[in-house]
Amino acid sequence: MSTDAIVLLKDEHKQIKKAFRDFEKAGEKAHAAKGKVVDRIIELLTVHTYIENEVMYPRVRELLPEVEDDVLESYEEHHVADVLVMELSTMKPDDERFTAKTTVLIENVEHHIEEEEDEWFPKVREGLGRKQLQELGAAMIEAREKAPRRPSQPGALKKTIDALTS
Ligand SMILES: [Fe+2]
Ligand SMILES: [Fe+2]
């Protein structure tokens, strides 16, 4: 089995986008179904962001200084997605903001995935050798084992947000 880092990440992107389509297909009032799909989206994104943040991004930044700006922008996009994921993880599907928040998360992540796949992963493929991409992928598979499945401190974040908005 190939452990090519970019192949692995694109495969995860596919699973994430499939879950997004499942959310959009769930009916307007199908709260239980939506809740289940959003749980899956939260898990997929938490794991995916973790392996990119912990393995792919720092390693690429170190090996290919010319993509540093792309990596920094991507960290910020992950941050926005993290905040939305944390907020969503504290919400119930019948909350009036649940669907709106999920929709904004989907729009943000799709834009981010597009930038990764179309703009800077090709530069990474060109800049790193096959062997380096395989090693990077193997390290990501290892990191995936210890990746968190849910955002770590949604309770603490919710308190901060409540304090700021009350
Ligand atoms: Fe990413
Ligand atoms: Fe990604």
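Asks: What is the right way to look at the environment of E119 in this model?
Replies: One can find E119 in helix α4 (residues 98–127). In this structure E119 comes out as partly exposed when scored by relative accessible area, which is 45%. In this structure the C-alpha to C-alpha distance between E119 and D82, which are 37 residues apart in sequence, comes to 22 Å.

Asks: Just to check I follow, could you spell out the environment of T165 for this structure?
Replies: Positionally, T165 belongs in helix α6 (residues 154–165). A relative accessible area of 62% means that T165 is categorised as exposed. Along the sequence, T165 and D69 sit 96 residues apart, while their C-alpha atoms lie 33 Å from each other.

Asks: Would you mind showing me how to read the coordination of the iron ion (ligand 2) here?
Replies: Six octahedral donors around a metal ideally subtend angles of 90 or 180 degrees, whereas four tetrahedral donors ideally subtend 109.5 degrees. Protein ligation of the iron ion (ligand 2) involves H13 (NE2), H48 (NE2), E52 (OE) and E116 (OE), the donor distances falling in the range 2.1 to 2.2 Å. Here the iron ion (ligand 2) binds 4 donor atoms, and the angle range of 84 to 175 degrees at the metal identifies the geometry as irregular. Linear spacing of the donor residues for the iron ion (ligand 2) on their chain is H-x34-H-x3-E-x63-E. The two metals, the iron ion (ligand 2) and the iron ion (ligand 1), are separated by 3.2 Å and share E52 as a common coordinating residue. Residue H13 is located in helix α1 (residues 5–25), and its partner E52 is located in helix α2 (residues 31–63); the two are separated by 39 residues in the primary sequence. E52 shares its class with H13; the two are buried.

Asks: Explain the packing of α2 against helix α5 (residues 130–145) to me, please; I cannot follow it from the model alone.
Replies: How two helices sit against one another is set out by the angle between their axes and by the gap between those axes. The contact between α2 and α5 brings their axes to 9 Å, and the two run at 150 degrees. What the angle tells us is that α2 and α5 run roughly antiparallel. The element α2 and its partner α5 pack so that their crossing is right-handed. Every residue of α5 that contacts α2 at V47, Y50, I51, V55, M56, R59, V60 and L63 is listed here: Q132, L136, A139, M140, A143 and R144. Considering only residue class, the contact of α2 with α5 consists of 11 nonpolar, 1 polar and 2 charged.

Asks: What's the story with the coordination of the iron ion (ligand 1) in this structure? I'm lost.
Replies: Binding of the iron ion (ligand 1) to the protein goes through E52 (OE), Y57 (OH), H78 (NE2), H112 (NE2) and E116 (OE), at separations of 2.0 to 2.5 Å. Positions of the donor residues of the iron ion (ligand 1) along the chain correspond to the pattern E-x4-Y-x20-H-x33-H-x3-E. Residue E116 is classed as buried on the basis of its relative accessible area, which comes to 0%.

Reading the values: rules and limits
Residues numbered from 1 in each chain as written. Chains lettered and ligands numbered in written order. Predicted model: local features only at pLDDT ≥ 70, side-chain atom pairs only at ≥ 80, totals over all residues. Heavy atoms only, no water. Helix = DSSP H or I, 4+ residues; strand = E, 2+ residues; numbered from the N terminus. Buried < 20%, exposed > 50% of the residue type's maximum accessible area, 1.4 Å probe, protein only. Donors = N, O, S within 2.8 Å, 3.2 Å for Na, K, Ca; no water. Tetrahedral: all angles 85-135°; square planar, octahedral: opposite > 155°, others 65-115°. Axes fitted to C-alpha atoms, helices over the stretch in contact; angles between N-to-C directions. Parallel < 35°, antiparallel > 145°, perpendicular 65-115°, else oblique. Left-handed = near helix turned anticlockwise from the far one by under 90°. Contact = heavy atoms within 4.5 Å. Nonpolar A, V, L, I, M, F, W, Y, C, P; charged D, E, K, R; others polar.

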